[in-house]
Amino acid sequence: MRAWKLLICLAVPLLAGCLFTRKVVTLPASNALVRDQLVIHSDFRLPRHHRLVDELVARRNDVVERLRLPVSDEPIHVYLFDTPERFQAFVAQHHPDFPDRRAFFLESDTRLDVYAYWGDRVAEDLRHEVTHGYLHTMVPHLPLWLDEGLAEYFEVPRSEGGLNAPHRTMLVQAVHERNWQPDLPRLERLTAPFEMTQQDYAESWAWVHLLLDSTPQRRELLQNHLARIRMTGTALPLSQVLLAAEPQAAQHLIAHLQAL
Ligand SMILES: [Zn+2]
């Protein structure tokens, strides 16, 4: 009997897994740390005042103040796996259609969940995914490019003020090589995260950085746009409002990036 089971396992090791021996990978559940909106589940003990947790908690105020949004108390569940292997095994079993990523944010009608693992880039990953969580509790139905652009803005350490240096370098280089022009209406047409390239993430960040960190008028334009979406569930594409006020916005974005 045992030999027969083993044969099945060897015959179909990766396609279907082994029905007889495959262990179900469960979510981390041994510890739960509650800090404001965040409920962090892990299978290892995380100090209550770990500096990463403190930073994630402080990020909420950054988002609220920068974007002039009201605080929510809806919980965001963060599932922190202790190793990449456990995280990948969990994703392969429960979300086999997901692409190969280090962390995820998942929204359902009743829950906001973040999945990540403890590794070299856990701080950046959690700042990014938890930002999605905060945003979705404050502004449902965000356009994809804006959701990602804001997450890329708030994923950098607080001391860097939203400057995502790898994105800035990528875009300035692309301008220099004459193979990229900013095109906000094109970004606004993207509706599936898997359609977005690294350059699309970078451009989304760049528009957010221009809007938040250049002039009070542009910041207010973004804040008003978010307020409209929050209150009515919809709004004109931001590009229509921005390009009406600044027909040369794409050139202004390039100049902004080159001056950073
Ligand atoms: Zn994201």
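Located above this text is the structure these notes cover.
How each quantity is defined
Residues numbered from 1 in each chain as written. Predicted model: local features only at pLDDT ≥ 70, side-chain atom pairs only at ≥ 80, totals over all residues. Heavy atoms only, no water. Salt bridge = Lys/Arg side-chain N within 4 Å of Asp/Glu carboxyl O. Helix = DSSP H or I, 4+ residues; strand = E, 2+ residues; numbered from the N terminus. Buried < 20%, exposed > 50% of the residue type's maximum accessible area, 1.4 Å probe, protein only. Phe/Tyr/Trp six-rings, centres within 6.5 Å; stacked < 30°, edge-to-face > 60°.

Draft legend 1. Summary view of the pattern of salt bridges. Applying the stated rule across the entire model yields 14 salt bridges. With its nearest N and O atoms 3.8 Å apart, the salt bridge here joins Arg-102 to Glu-124. Placement of Arg-102 in the loop between helix 3 (84-94) and strand 4 (103-107) and of Glu-124 in helix 4 (residues 122-138) is noted, with a sequence separation of 22 residues between them. What makes Arg-102 partly exposed here is its relative accessible area of 29%. As a salt-bridge pair, Glu-246 and Arg-218 come within 2.8 Å of each other at their nearest N and O atoms. Separated by 28 residues along the polypeptide, Glu-246 in the loop between helix 10 (238-245) and helix 11 (249-259) and Arg-218 in helix 9 (residues 216-232) bring together distant segments of the chain. A relative accessible area of 12% places Arg-218 in the buried class. Linked through salt bridges whose partners overlap, the residues forming this network are Arg-102, Arg-121, Glu-124 and Asp-125.

Draft legend 2. Just the packing of aromatic side chains, in detail. If you walk through the whole model with that rule in mind, you get nine aromatic pairs. On the numbers, 6.1 Å between centres and 20° between planes, the contact of Phe-87 with Phe-104 is stacked. A residue pair is termed long-range when its members are at least 10 positions apart, and Phe-87 in helix 3 and Phe-104 in strand 4 qualify at 17 residues. In this pair, the class of Phe-87 matches that of Phe-104, namely buried. Relative to Phe-154, the ring of Tyr-153 has its centre 4.9 Å away and its plane inclined at 80°; by these criteria the two rings are edge-to-face. Here Tyr-153 and Phe-154 have matching classes, each one buried. In textbook terms, an aromatic cluster arises when at least three aromatic residues are bridged by ring pairs, as seen for Tyr-79, Phe-81, Phe-87, Phe-90, Phe-98, Phe-104, Tyr-115 and Tyr-117.

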